[in-house]
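Residue-level structure breakdown
Listed below are the residues making up each chain.
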Amino acid sequence: MPDVKPTKENKAEVYETLYEYVKGLLDSSLPLITNMSNFVALLHHTFEYHWTGFYMINKEGTELVLYPFQGPVACTKIGKGKGVCGAAWERATTIVVPNVDEFPGHIACSSFSKSEIVVPLFDNKGEVVGVLDIDSAELDTFDDEDRKGLERLLSLFSDIV
């Protein structure tokens, strides 16, 4: 784990350190849920987020279902196109929300969430299979550096999802 507290100025360096760490952390011989659990814990505690977790598309392909997370109790099912998570799934692109109160249709699982980033999780065929959802208790927490860093980290999952 990084020995330095992440700041706006050093995020790129922290993400690079995390990338190298996560390459060694993920183990394709273990269940996906094990890899996701450790990954979420690493991100959550490194950046001290309010909520960090995965939602995966159910077998019917109709909704996202809660997977490993860190933080308070969360929504368990999210429809395609609903809220930030459902929108990121539907658009197959990362969505950065500086103020969740200004996102049309935002699903408020916690009133303490103020900003959010949702990053699609792609398999090795380029299909969205889930999303990584991160909430902050502060406004305007996430930026393009987070988008790039998190997308790169999630690319490490493409062969194990």
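Coordinates for the structure precede this section.
This one's a predicted model, so the numbers in the text were calculated from it and none came from an experiment.

**Thoughts on the overall build of the chain**
Per the secondary structure count, the chain includes four helices and six strands. Here the chain has a C-alpha radius of gyration of 15 Å; the compact-globule value for 161 residues is 15 Å, and the two agree. Taking the principal axes of the C-alpha coordinates as reference, the chain spans close to 35 × 35 × 25 Å. Relative to its 161 residues, the chain shows a buried fraction of 46%. Within the chain, counting contacts between residues at least 6 apart in sequence, those at least 24 apart form 53% of the total. As displayed, the chain has an accessible area near 8100 Å², and 50% of this comes from carbon and sulfur atoms. The averaged location of the 25 negative side-chain charges in the chain is 5 Å from the averaged location of its 14 positive side-chain charges.

**Points about the packing of aromatic side chains**
Following the criterion strictly, the structure yields eight aromatic pairs and no others. Ring centres 5.4 Å apart and planes at 20 degrees place the aromatic pair Trp51 and Phe69 in the stacked group. Here the residue Trp51 occupies a position in strand β1 (residues 51-57), and Phe69 occupies one in strand β2 (residues 63-70), the gap between them amounting to 18 residues. Of the residues examined, Phe69 reaches a relative accessible area of 30% and is grouped as partly exposed. Put simply, the rings of Tyr15, Phe47, Tyr49 and Phe142 touch in pairs and so form one group of aromatic residues. Its guanidinium or amino end placed over the ring of Tyr19, Arg152 lies 3.6 Å from that ring's centre, counting from NZ or CZ.

**Quick notes on the sheet that holds strand β3 (residues 77-79)**
In a beta sheet, neighbouring strands pair by backbone hydrogen bonds and run either parallel or antiparallel. As summarised here, the arrangement of the six strands in space is β3-β2-β1-β6-β5-β4, forming an open sheet in which the pairing is antiparallel. In this open sheet, the two edge strands, each paired with only one partner strand, are β3 and β4 (95-97). Within this sheet the neighbouring strands show an average axis-to-axis angle of 25 degrees, counted without direction. Across the sheet, helix α3 (residues 83-91) lies against β1, β2, β3, β4, β5 (115-122) and β6 (128-136), angled at about 35 degrees from β5, the strand it touches most.

**Concerning the environment of Glu9**
Position of Glu9 relative to the elements: it lies in the segment before α1 (11-25). The class of Glu9 is exposed, set by a relative accessible area of 72%. When the C-alpha positions of Glu9 and Glu145 are compared, they lie 9.9 Å apart, and in sequence the two are 136 residues distant.

**Considerations on the nonpolar core**
Within the largest apolar cluster, 26 residues are counted, with the highest numbers of intra-cluster contacts made by Phe39, Leu43, Phe54, Leu150 and Leu153. Leu64, Ile78, Cys85 and Val97 belong to the second largest nonpolar core, which has 18 residues in total.

Thresholds, definitions, all that
- All residue numbers here refer to positions counted from 1 along the written sequence of the relevant chain.
- Local features are withheld for residues below a pLDDT of 70 in this predicted model, meaning they are given only at 70 or higher, and side-chain atom pairs are given and counted only at 80 or more; totals for whole chains, interfaces and linings count all residues.
- The side-chain numbers reported here are obtained from all heavy atoms of the structure, hydrogens and water having been left aside.
- The numbering of helices and of strands both runs from the N terminus, where a helix is a DSSP run of H or I of at least 4 residues and a strand a run of E of at least 2.
- Within these notes, the globule rule equals 2.2 Å times the number of residues to the 0.38 power, and the radius of gyration is based on C-alpha atoms.
- Relative accessibility thresholds used throughout: buried, under 20% of the residue-type maximum; exposed, over 50%; partly exposed, between the two (1.4 Å probe, protein chains only).
- Any two residues whose heavy atoms approach within 4.5 Å are treated as being in contact.
- Method for areas: the Shrake-Rupley scheme with a 1.4 Å probe, in which residue coverage is limited to the protein chains shown.
- We count Lys and Arg on the positive side and Asp and Glu on the negative side, and we leave His and both chain ends out.
- In this description, the location of a charge corresponds to atom NZ of lysine, CZ of arginine, CG of aspartate or CD of glutamate.
- Aromatic pairing here means that ring centres of Phe, Tyr or Trp (its six-membered ring) are within 6.5 Å. Orientation follows from the plane angle: under 30 degrees is stacked, over 60 is edge-to-face, and everything else is tilted.
- Should the NZ of a Lys or the CZ of an Arg lie within 6 Å of a ring centre and within 35 degrees of the ring normal, that charge is described as sitting over the ring.
- Two strands are said to pair when DSSP picks up at least two bridges between them.
- Where helices are involved, their axes are fitted lines through C-alpha atoms of the stretch in contact, as for all axes, and angles between N-to-C directions lie from 0 to 180°.
- Definition used in this section: a nonpolar core is a set of buried Ala, Val, Leu, Ile, Met, Phe, Trp, Tyr and Cys residues joined via side-chain atoms within 4.5 Å.

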